[in-house]
There are 2 protein chains.
Amino acid sequence: MPVNLSAPDPASLLPVPGVELGIASAGIKKPGRKDVLVLRIAPDSEVVGVFTQNRFCAAPVTVCKEHLHNDKGIRALVVNTGNANAGTGADGLARARKTCEALAAELGFRPEQVLPFSTGVILEPLPLDKLVAALPAACADLRPANWATAAEAIMTTDIVAKAASRKVALDGVEFAVTGIAKGSGMIHPNMATMLSFLATDAPVSCEALEAMLRHAVNKSFNCISVDGDTSTNDACILIATGSTPAPVIMDDGDARFASLQAAVTEVMIQLAQAIVRDGEGATKFMEVRVEGGRDEAECKQVAYAIARSPLVKTAFFASDPNLGRILAAVGYAGLSDLDVERIRLWLGNVLVAENGGRAASYREAEGARVMAAPEIAVRVDLARGNTVATVWTCDFSYDYVKINAEYRT
Amino acid sequence: MPVNLSAPDPASLLPVPGVELGIASAGIKKPGRKDVLVLRIAPDSEVVGVFTQNRFCAAPVTVCKEHLHNDKGIRALVVNTGNANAGTGADGLARARKTCEALAAELGFRPEQVLPFSTGVILEPLPLDKLVAALPAACADLRPANWATAAEAIMTTDIVAKAASRKVALDGVEFAVTGIAKGSGMIHPNMATMLSFLATDAPVSCEALEAMLRHAVNKSFNCISVDGDTSTNDACILIATGSTPAPVIMDDGDARFASLQAAVTEVMIQLAQAIVRDGEGATKFMEVRVEGGRDEAECKQVAYAIARSPLVKTAFFASDPNLGRILAAVGYAGLSDLDVERIRLWLGNVLVAENGGRAASYREAEGARVMAAPEIAVRVDLARGNTVATVWTCDFSYDYVKINAEYRT
């Protein structure tokens, strides 16, 4: 059961001038299910992306990088679920390229102007014929007010569709920032997590957009973990159509840069948290904040050690304040010169540990009270610096095992 | 259910001249359960140990290191289960020292001649009075032919007691190597895993014994993972009593060194595999062999990425040959210059993947046949060197979640 997460109200999702979305059912894994999404974007849009660091990256990831690098002016995106087209070798690459060719022909673009994305089972051939056959229907469905249905069309083991939207006024001109994301398993990002597509109608230079994307991803998708597995297909795309007239935001010297970046980051954090709230089998949502570190990297390292520990995650599932497991994770996080005597650990606002052991003031009943809530904040002070990092994760339940043991059946 | 593992036949466990073992019930966590073990060892025995790298190491680990470093001639070990005495600060250290004092007084030794060990729940005070009160009974029980009961006395969430024994003839003189181990959760070793105690009656110098221990641990306990959590209390102790007369083995220049090291390594591998076979909730035993690496470290890195992946482990639980998950783990293992086109993956002797994708010869039915067995071999060829590493792990089942969600209840 997703934790404090419901499907987005379609009316809350602002259309983005310059972006149209179309959905179809190709029957890739299951008949009748929406599993194909096409985005058409205005000419001269800027498009930037970040992709998985997994060496076994999927064929569409390779093609996306090529097409973004060649820079012939991206005009369309095509996404399928039900098959990841990963671990598919040269044949998989050919099928990803044929997908681009088919959509390009349908829309009157060149194949290099299309970015392909896939998600689903690994190591099985992409059913290209089914996918191509569904493209005309997806193109016939193209319209701006289609973000909510698009969010549904990219789901795999997700229970709830994920979309978010912000309005931002820059020098008196209003722009939209709207995004969708999918993912609930194989979630442990390294650059970007699973699939996410965001767009704004603000005019932004490629360099400025790239900077915004990296900042926002680092504060959102790169701060979550469901199961510690980094996917082969992770991709996050940010589009700036410039369809609403205004001077182009060239770089962070423009006073509007920070406001737009903040809106993009807010949308991404909402989507990233939605992925965790809908984590496979999740019953709890945990925020792990590590402060007092020497740099952000070591704070994240400790936070992820906690967030990835199966022992910590099963204790949260049981609402059991077995908090020694958190200390154990801090201890093995890999900071070899960590002084454990100085560490303090809080659960919610209850001080649990200090001076290398349980706090004198700690009462189990207070820990149990915090653990019983569906949202739990864990805070660790390393007391060796001034940096902070926050990651979000979910618990580890029977249903996680069930979902992943039965995934292909 | 442990995988192909039954309790050791007490008759198969060779007594080690110079070592006596005594067991008692202190009622530390549950009344009536055997939870205290004392070992008394002959004067002039050599004793070496390796301990957890977890920065939140337990109080008894700190005391063990001190006493081994001071080298006043170790004469006794005391082990309790039910409480780890970890995350207990200065008070925990005082309780570990008082345990040594109490046993030393009982046996007529000095406190620095005693090594203390604890395992169980973290962050709770060690019930010192109960433990001390049980020491006379444990000492009254001291006898050489007590290894099987000792193995039972150190169990926590273990279902099956773990012990192994080998006879080794060196220049016509027969010696015993006997060991016990405990552990089935919080198992992801870094130097040593959980508690293990081995002894031989061969005469070995401290330096030679240290070398044997490091070699054997590196080939056994440092090659297993149950849940990826490195414990706060891991310790592995190797004792050479020299009680059976023979010239002392000074170093690896002695022809007998290799034979004795092989016997010690065999016993440790059997114990390490027993920990995995009895891994919390385990229904399958997996051997992950990574070959063709540039060095052992990178082979282990890839093998552990596979062995730790919750997605791989749940697929094995389901007997589902969802083998793309293994490729994904290879891809995110952290070898940034890995050429995935050259990798080959086998399940048992079935070639699954090559040339970056599924092998043309692969048939799902063959993968399913291998997956249905209780013991499964995974083999990956990185094709970039000549080194090999093997790790052992178990699957991830409903019972893993159940055991760890209910651990303290």
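(A) How the structure looks around the overall build of chain A. Assigned secondary structure in chain A consists of 11 helices and 16 strands. What you see for chain A is a C-alpha radius of gyration of 22 Å, in line with the 22 Å of a compact globule of 409 residues. Expressed along its principal axes, the backbone C-alpha trace of chain A runs to roughly 70 × 55 × 40 Å. Every one of the 409 residues in chain A was classed for burial, and the buried ones make up 60%. Once local pairs closer than 6 in sequence are excluded, the contacts in chain A between residues at least 24 apart make up 81%.

(B) Just the interface of chain A and chain B, in detail. Each partner contributes to the interface: chain A provides 54 residues, whereas chain B provides 55 residues. Secondary-structure elements contributing two or more residues to the side of chain A that touches chain B are α2 (89-107), α8 (310-317), α9 (324-331), β14 (357-358) and α11 (398-405) of chain A. Looking at which element gives the most residues to the side of chain A that touches chain B, the answer is α9(A), with 6 residues.

(C) Representation of the relation of the copies chain A and chain B within the structure. Screw-axis analysis of chain A against chain B gives a translation of 0.0 Å along the axis, an RMSD of 0.0 Å, and a rotation angle of 180 degrees. Within this description, the copies of the chain are treated as partners about a two-fold rotation axis. No C-alpha of chain A approaches the rotation axis more nearly than that of A:Y398, which lies at 2.7 Å. Of the residues that chain A buries at the interface, 100% are likewise interface residues in chain B, meaning the two copies contact each other through the same surface.

(D) Expanded view of the domain arrangement of chain A. Residues and elements named next belong to chain A. What the domain assignment lists for chain A is domain 1 (10-277) and domain 2 (285-405). Placing the centre of domain 1 and that of domain 2 at their C-alpha centroids yields a distance of 33 Å. At the interface, 11 residues of domain 1 touch 11 residues of domain 2. Counting only elements with at least two residues in the side of domain 1 that touches domain 2, the list comes to β9 (224-225) and α6 (255-277). At 4 residues, α6 tops the list of elements feeding residues into the side of domain 1 that touches domain 2. When grouped by side-chain class, the residues that make up the side of domain 1 that touches domain 2 number 5 nonpolar, 5 polar and 1 charged.

(E) Representation of the nonpolar core. If you look at the biggest cluster of nonpolar residues, it comprises 286 residues, and the most contacted ones within it are A:I306, A:V330, B:L37, B:I306 and B:V330. Sequence-distant contacts of A:V330, defined by excluding residues within four places in its chain, comprise A:V302, A:A305, A:I306, A:I343, A:V380 and B:F56.

(F) Seen up close, the pairing of strand β2 (residues 36-41) of chain A. All names here are of chain A. Summarising burial for β2: 5 of the 6 residues are buried, a large majority. As defined by bridge partners, strand β1 (residues 19-24) adjoins β2 across 6 bridges and the pair is classed as antiparallel. Along β2, the bridge assignment pairs I23 with L37.

(G) Just the packing of helix α5 (residues 206-218) of chain B against helix α6 (residues 255-277) of chain B, in detail. All names here are of chain B. Where α5 contacts α6, the two axes come as close as 9 Å, and the packing angle between them is 40 degrees. The orientation of α5 relative to α6 falls into the category oblique. Along this stretch, α5 crosses α6, giving a crossing that reads as right-handed. On the side of α5, the interface is formed by A208, M212, H215, A216 and V217, while α6 contributes F257, L260, Q261, V264, T265 and M268.

(H) Quick peek at the sheet that holds strand β16 (residues 387-394) of chain A. All names here are of chain A. The mixed open sheet is built from 7 strands, whose spatial order is β9-β16-β11-β15-β12-β13-β14. In this open sheet, the two strands that pair with only one neighbour each are β9 and β14. Its contacts with the sheet place helix α7 (residues 296-308) against β9, β11 (285-293), β15 (375-381) and β16, and it is angled at close to 25 degrees to β16. Contacts between helix α10 (residues 364-371) and the sheet are confined to β12 (344-347), β13 (350-354) and β15, with β13 contributing the most and set at about 120 degrees to the helix.

(I) Quick look at the sheet that holds strand β8 (residues 195-200) of chain A. All names here are of chain A. Ordered in space as β3-β10-β8-β7-β6, the 5 strands form an open sheet in which the pairing is mixed. Each edge of the open sheet is held by one strand with a lone partner, namely β3 (46-51) and β6 (162-170). Put simply, the sheet's adjacent strands are angled 10 degrees from each other on average, direction ignored. Against the sheet, helix α1 (residues 59-70) engages β3 and β10 (235-240), with an angle of about 145 degrees to β3. Lying on the sheet, helix α5 (residues 206-218) is in contact with β3 and β10; it crosses β3 at an angle near 35 degrees.

(J) A look at the environment of A:Q261. All names here are of chain A. Take Q261: it is sitting in helix α6. The class of Q261 is buried, set by 22 C-beta atoms lying within 10 Å. Spatially, the C-alpha atom of Q261 lies 8.7 Å from that of L209, the residues being 52 residues apart in sequence. Setting aside residues up to four positions removed in sequence, Q261 forms contacts with M212, H215 and A216.

Cut-offs and rules
- Residues numbered from 1 in each chain as written.
- Chains lettered and ligands numbered in written order.
- Predicted model: local features only at pLDDT ≥ 70, side-chain atom pairs only at ≥ 80, totals over all residues.
- Helix = DSSP H or I, 4+ residues; strand = E, 2+ residues; numbered from the N terminus.
- Rg over C-alpha atoms; globule rule 2.2 N^0.38 Å.
- Buried ≥ 20, exposed ≤ 12 C-beta atoms within 10 Å, placed from the backbone.
- Contact = placed C-beta atoms within 7 Å.
- Least-squares fit on C-alpha atoms with pLDDT ≥ 70 in both.
- Domains from an automatic or database assignment.
- Nonpolar A, V, L, I, M, F, W, Y, C, P; charged D, E, K, R; others polar.
- Core = buried A, V, L, I, M, F, W, Y, C linked by C-beta atoms within 7 Å.
- Pairing = 2+ DSSP bridges.
- Axes fitted to C-alpha atoms, helices over the stretch in contact; angles between N-to-C directions.
- Parallel < 35°, antiparallel > 145°, perpendicular 65-115°, else oblique.
- Left-handed = near helix turned anticlockwise from the far one by under 90°.

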